[in-house]
Amino acid sequence: MTSFMGKILRVDLSSGTSEEVAVPAEVYEAVLSGKGLEAWYLYNNIPAGADPLGPDNILAFAAGALCGTGAFLTGRWSVACKSPLTGGWGDANCGGLFAPAIKQCGYDAIFISGIAKEPVYLFCDGKKAELRSAAAYWGLDATEAEKALHADLDGVCRKKPCVACIGPAGEKLSQISGICNEGGRIAARSGVGAVMGSKKLKAVVLAGTKPMPCNDPDTVKALSRDLGRKLLKMTLPSGLGVFIGAGGRMMGHLPSMPLDGSLTAYMFREWGTQANTSLAIPSGDGPIKNWGGTPKDVRLMDAVYNPEKINKIEMAKYHCYSCPLGCGGRLNIRGKKYVSFDATHKPEYETLEAFGPLLMNWSLDSIYQLNEMLNRAGMDAISAGNTVAWAIECYEKGILNLRQTDGLSLRWGNTEAILSLVEKMIAREGFGDALADGVKRASEKFGGKEYAMHIGGQEPGMHDARNDPQLGVHFVAEPAPGKHTVGMSLEYGAMSLCDICSWAPPARLHAKSKDLEDSEDMALITKANACYTMLTDGAGGCYYGQMMGVHMWKLVEYLNAAEGWNYDGDHYMEIGERIQTLRQMFNVKQGVDPASFKLPKRMLGEPPLPAGPLKGVTLAQHRAQVSSHWRAFGWDDKTGVPLEETIRRLGIDKLTEVEA
Amino acid sequence: MMKKTPVFDYLLCVSCGICVQTCPASALGMQKEGKSGKYRNLFPELVTDGCIGCGQCAGACPMEAIRMEERHEG
Ligand code: SF4
Ligand code: SF4
Ligand code: SF4
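Residues numbered from 1 in each chain as written. Chains lettered and ligands numbered in written order. Predicted model: local features only at pLDDT ≥ 70, side-chain atom pairs only at ≥ 80, totals over all residues. Heavy atoms only, no water.

Re the side chain of N529(A)
Residue and element names in this part refer to chain A. Let me state the cut-off plainly: By the criteria applied, helices consist of DSSP H or I runs no shorter than four residues and strands consist of E runs no shorter than two, each listed in order from the N terminus. Burial here depends on accessible area, computed with a 1.4 Å probe over protein chains only, as a share of the maximum for the residue type. Under 20% is buried, over 50% is exposed, and the range in between is partly exposed. Think of a polar contact as two N or O atoms within 3.5 Å of one another; within protein, one of them needs to be a possible hydrogen donor and the other a possible acceptor, and neighboring residues in sequence only count if both atoms come from side chains. Only heavy atoms enter the contact rule, under which two residues are in contact if any of them lie within 4.5 Å.
Along the chain, N529 falls in helix 21 (residues 520-539). Residue classification places N529 among the buried residues on the basis of a relative accessible area of 0%. At 3.1 Å, the side chain of N529 and the side chain of Q470 are in polar contact. Beyond its immediate stretch of four places on either side in the chain, N529 contacts Q470, H474, V486, G487, M488, E491, Y492, M495, L497 and Q546.

Structure below.
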């Protein structure tokens, strides 16, 4: 027995039909489930040149291999499609309860093509799959729609259904929109919400109760118990958060930034990702003033984003399914300035950074409001923040005027104007309409392209490649460019991949650009990091499990026990390599030129920053490092196209002949 | 009639929610407010009277935090 359900659900919205299809075992062996299964299916079935918002695009929802086996931190669900934002591979990932819900309906993944005539939602309870009218839900925000669906289905289903849905941003085809579950947790990136909106699919509602298989549940549970017991003991004394800013300042001066896996666990258990904000502001990791500023511009802002303040209003921690860590939380925000909601999910670091220092915004309270607005609208905070930052810089530099901004005085740190602009973006109203499709398109319309921070059309996550050149390689070499969750040197240091993989070099104590040369060793580091991330995604694992390191979150041991396999780390890393190569092949098939993904000049240090920890840094070796990374993957080092011999070595030639 | 129902040891529980999603009768919810060490957290508890005493929640819990105990049902 393995952990796979062995089947997928295929839905065609145009004809209103669906069918269950068995997936051959060799596919699971080759790419697991989750993002791997999506890569295999989408590569095979989305025709070249398909319109991302047309009927030929396929929207996939998948659970990972380990979901439901008892393995901890494996409750992430993956969405994939051809991205309207980049024209190539698009994916996003989210926690909550939706991943086990897919499996409990009897599937590893659901693939949805076509376009419905009227708004619909897909209902599935493991016995039947039906398309039902969504007339009553279209127009509601994602949290309202989820609540309404729960209320309407109460007592009708045996199980409380799990709902993944779009908000107004996805309905209005905003190319920076995502898909939500659990009251606004969002699979945000790549414009996946617009694809769902283009299909007139408001929600996927799952209420199955099938058992989720596992080969050796006792061993899996024992591995989890070990991790759980360790975590229960890992508690920091309260109040340490006030010192994080000082730690960040210190890190800014250090030549390297060490990170141990257990530190991840401590930090995320105590505060969640939000604690990174006051660390990132002074250290050079977090972008300031549309990536053009320095910590000097926001001196003492790290105190504004002190994680203890945020913890103080936390009502309870929030855990994704199967997670003992619980980096999330529900916050009581009633009565805060600018706030019209009672509660919100704890804002992630990315949101705090993108609407804080990136915009020179000193109001933490306004970010609670923005967080809830974006989560309900189903709009990506990273892309939205980068787009607003561009608008402010253009306004400050006279490229945009009051008439164009509908009278909004878009000055750095003008909290009211930021709130109004985001409201307009969500409603696609006036000036906000042009910004709702991200910074690339906005700058094509209004100018100021040099201030538009995007890579291949997608806005980068809130970490600066000048601080970590390894991240810069991942930003551009990743088939879904601009994602910050594929690899970083800090993360590589925490993972200890050399202990499971024979060719992964030991981590080095660096994170800074000056000493990061282009070498074969470095290319193996970036390759190993990307392969392990893809493996994690195939397993449905959380990035923070990965960041705890292979000695705490034992992915290889988990997979062997859950699948009844006996493979070593090298074998599993090859699965990751295969998934990554398939995603790259997807881009090539869709006519996306991998070499066209480029870091914005600013992030290359052209011109270099005048002050702060990144003073004078340029990424002179960046392009050479990307070439070496491609070469290490067996892709052409000039074009990034996977070589025939690589495709054969990984068995992808045979795999893409397998049909489902 | 005697029926078994789950009893939780919240000192061992890590709030992973696996038991809640496993329950075929949807009898459990992550609703009980409490503390895990110093952290405010939500814990699983019976939220309906639909428990059929199958013990699947206890079997699925990696932390061995659930015991099935006999309860007298009127
Ligand atoms: S660490 Fe955070 S994001 Fe990851 S599974 Fe746990 S709660 Fe979810
Ligand atoms: S014993 Fe069975 S029915 Fe009762 S709570 Fe546990 S899993 Fe649910
Ligand atoms: S499965 Fe066990 S550890 Fe997880 S929430 Fe339930 S009782 Fe707690």
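Considerations on the domain arrangement of chain A
Residues and elements named next belong to chain A. Note the following rule: As annotated, the domain borders come from an automatic or database domain assignment. Accessible area that two parts lose when put together, evaluated with a 1.4 Å probe and summed over both, is termed the buried area.
Per the domain assignment, the segments of chain A are domain 1 (7-206), domain 2 (263-451) and domain 3 (469-655). Relative to domain 3, the C-alpha centre of domain 2 lies at a distance of 27 Å. Taken together, the contact pairs 22 residues of domain 2 with 13 residues of domain 3. Taken together, both faces of the contact between domain 2 and domain 3 bury some 1,300 Å²; the carbon and sulfur share is 71%.

Focus on the interface of chain A and chain B
For the record, the criterion: Salt bridges are defined as contacts in which a side-chain nitrogen from Lys or Arg sits within 4 Å of a carboxyl oxygen from Asp or Glu.
Facing the 34 residues of chain A at the interface are 23 residues of chain B. Summed over both sides, the interface between chain A and chain B buries roughly 2,200 Å², with carbon and sulfur atoms accounting for 52% of that surface. Joining chain A to chain B, the criterion identifies two salt bridges. We note a salt bridge from E270(A) to K38(B), for which the minimum N-O separation is 2.7 Å.

Observations concerning the site of ligand 2
Test applied: We call a residue near a molecule or strand whenever a single non-hydrogen atom of that residue lies within 4 Å of it. Residues were grouped as follows: Ala, Val, Leu, Ile, Met, Phe, Trp, Tyr, Cys and Pro as nonpolar; Asp, Glu, Lys and Arg as charged; and all remaining residues, including Gly, as polar.
Not every one of the 13 residues close to ligand 2 is listed here, only the nearest: C23(B), C51(B), C54(B), G55(B) and C57(B). Taken together, the residues that form the shell around ligand 2 break down as 10 nonpolar, three polar and no charged.

Digging into the site of ligand 1
Residues and elements named next belong to chain A. Inspection of the region around ligand 1 gives L73, R76, R185, C320, C323, L325, G326, C327, C542 and Y544 as its neighbouring residues. Here the residues of the shell around ligand 1 are counted per class, giving seven nonpolar, one polar and two charged. Each of domain 1 (7-206) and domain 2 (263-451) gives at least three residues to the shell around ligand 1.

Concerning the sheet that holds strand 15 (residues 343-345) of chain A
All names here are of chain A. Our working rule: Paired strands, in this sense, are two strands between which DSSP finds at least two bridges. Axis definition: a line fit to C-alpha positions, over the contact stretch in the case of helices; interaxial angles, taken between N-to-C directions, run 0 to 180 degrees.
Strand order in the open sheet made by the three strands is 13-14-15, with antiparallel pairing throughout. Each edge of the sheet is formed by a strand with only one pairing partner; in this case those strands are strand 13 (314-318) and strand 15. In this sheet, adjacent strand axes meet at a mean angle of 20 degrees when their direction is disregarded. In this sheet, strand 14 (residues 328-332) lies alongside strand 13 in antiparallel orientation, the contact comprising four bridges. For Y318, the partnering residue across the bridge sits in strand 14 and is G328.

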